[in-house]
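# Breakdown of the fold
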Amino acid sequence: MNNKIINFIKKKNKSKIISLAAYSKNIASIIDKHCDLILVGDSLGSVLYSFSSTKKVTLDMMIEHSKSVRMGVKKSLMVVDMPHNTYRNPKEALSNAKKIISETNCDAIKLEGGKKVVQIIKTLIKNKIPVMGHLGLLPQSAKNFKFKGKETTERKIILRDSKLLEEAGVFSIVLECIESSLAKEITKTVKVPTIGIGASVYCDGQILVTDDLIGLNKMKARFVKKYSNIEKQINDAVLNYKKDVVANKFPTKKHSY
Ligand code: KIV
């Protein structure tokens, strides 16, 4: 395990871990100084491309966006999502994870699932590829977008999976849309940091999609808190630009050669 990952794990029980998903250099370079971890999430499929699910996101899309994000990330741990159908078996996962790491220079990859992906995770880690797990609501395979962990059996499976992922060697686990007391139990049980999205305050850290947080994406999920209304700011700026052009107030001599 490299130092960056070791230092990340050490944050558990010391300080809250600040994480955000980003898809471009410009956003990444603004958020980098405030974050511990920046994820190039396959949520880019729905947020940027209006796909009905993340299943249509390709490896090439992830790689191109990650190359852009890499230019903006100087200090945070940079993690890239492995998209759907790119880690169906250990061999496929290893070849695609190596491609992501070598082309984007990211620090780690993330993949979704519990027991089913344990062998894959072990293979990647054996090959020195740091892996972040993802449990709870799994957008790449979900049949619905309801929160998880209400029923006893489902709860037990998620808790069991968190232990299996830890044993397999993940350095952190994203918990997406799970019941608060389950998030609390997992966070107490595993030694690696849990990063929640719709998974309560009990997680070791939180993650949101930056576009949701700044009000650039019209995301209405309960777990999103909008911290700014960038859509309005862009709208006002474009309106003022339009007014200036129509009134011949732009460009002025200052903007001309
Ligand atoms: O794809 C994504 O952005 C994610 C998170 C928000 C956890 O997986």
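Before reading further, recall that the structure is shown in the block above.
## Concerning the overall build of the protein
Looking only at helices and strands, the protein features 10 helices and 8 strands. On C-alpha atoms alone, the protein measures out to a radius of gyration of 20 Å, which is about the 18 Å that the 2.2 N^0.38 rule sets for 257 residues. The principal-axis extent of the C-alpha atoms belonging to the protein is close to 65 × 40 × 35 Å. Here the protein holds 257 residues, and 49% of them are scored as buried. Total accessible area on the protein stands at roughly 14000 Å², and carbon and sulfur atoms take up 56% of it. One finds the centroid of the 46 positive side-chain charges in the protein at a distance of 2 Å from the centroid of its 24 negative side-chain charges.

## Considering helix α10 (residues 230-246)
Each turn of an α-helix holds 3.6 residues, which means side chains three or four residues apart point in the same direction. Spanning 17 residues, α10 covers 24 Å between terminal C-alpha atoms, matching the ideal 24 Å at 1.5 Å per step. Among the residues trailing α10, Asn-248 stands out with phi positive, at a value near 55 degrees.

## Let's talk about unusual backbone geometry
The omega angle of the peptide bond from Phe-250 to Pro-251 is -5 degrees, so this bond is cis rather than trans. In this fold, Pro-251 is placed in the segment after α10. Unlike most non-glycine residues, Ser-50 shows phi in positive territory, near 55 degrees. You can see Ser-50 is positioned in the loop between α3 (44-47) and α4 (59-72). Among the residues examined, Ser-50 registers a relative accessible area of 64% and is labelled exposed. Phi at Asn-105 is positive, roughly 60 degrees, even though this residue is not glycine.

## A short note on the pattern of salt bridges
By the definition in use, this model includes 12 salt bridges. The residue Asp-36 makes a salt bridge to Lys-11 at a minimum N-O spacing of 3.5 Å. Within this pair, whereas Asp-36 is found in the loop between α2 (25-31) and β2 (37-40), its partner Lys-11 is found in the loop between α1 (3-10) and β1 (17-21), the two being separated by 25 residues in sequence. We classify Lys-11 as partly exposed; its relative accessible area is 25%.

## Focus: the site of the ligand
Neighbouring residues of the ligand: Ala-21, Leu-39, Gly-41, Asp-42, Ser-43, Asp-81, Lys-110, His-134, Val-174, Ile-197, Ile-207 and Val-209. At 2.5 Å, a side-chain N or O of Ser-43 approaches an oxygen atom of the ligand. The protein chains hide 94% of the 260 Å² of surface that the ligand would expose on its own. For the shell around the ligand, a count of residues per class yields 6 nonpolar, 3 polar and 3 charged.

## Quick notes on the pairing of strand β8 (residues 205-209)
If a strand is regular, its side chains alternate between the two faces of the sheet. When you tally the buried positions in β8, you get 4 out of 5 residues, the bulk of the element. When β1 meets β8, the two strands line up parallel, connected through 5 bridges. Residue pairing in the sheet places Ala-21 in a bridge with Val-209 of β8. As judged from the 2 bridges shared by strand β7 (residues 194-197) and β8, these two strands associate in the parallel manner. When the sheet's bridge partners are listed, Ile-195 is paired in β8 with Gly-205.

Cut-offs applied
- Residues numbered from 1 in each chain as written.
- Predicted model: local features only at pLDDT ≥ 70, side-chain atom pairs only at ≥ 80, totals over all residues.
- Heavy atoms only, no water.
- Helix = DSSP H or I, 4+ residues; strand = E, 2+ residues; numbered from the N terminus.
- Rg over C-alpha atoms; globule rule 2.2 N^0.38 Å.
- Buried < 20%, exposed > 50% of the residue type's maximum accessible area, 1.4 Å probe, protein only.
- Areas by Shrake-Rupley, 256 points an atom, 1.4 Å probe, with all protein chains shown as cover.
- Lys, Arg positive; Asp, Glu negative; His and termini not counted.
- Charge placed at Lys NZ, Arg CZ, Asp CG, Glu CD.
- Expected span 1.5 Å × (residues − 1).
- Salt bridge = Lys/Arg side-chain N within 4 Å of Asp/Glu carboxyl O.
- Near = heavy atom within 4 Å.
- Polar contact = N/O pair within 3.5 Å; in protein donor to acceptor, adjacent residues only side chain to side chain.
- Nonpolar A, V, L, I, M, F, W, Y, C, P; charged D, E, K, R; others polar.
- Pairing = 2+ DSSP bridges.

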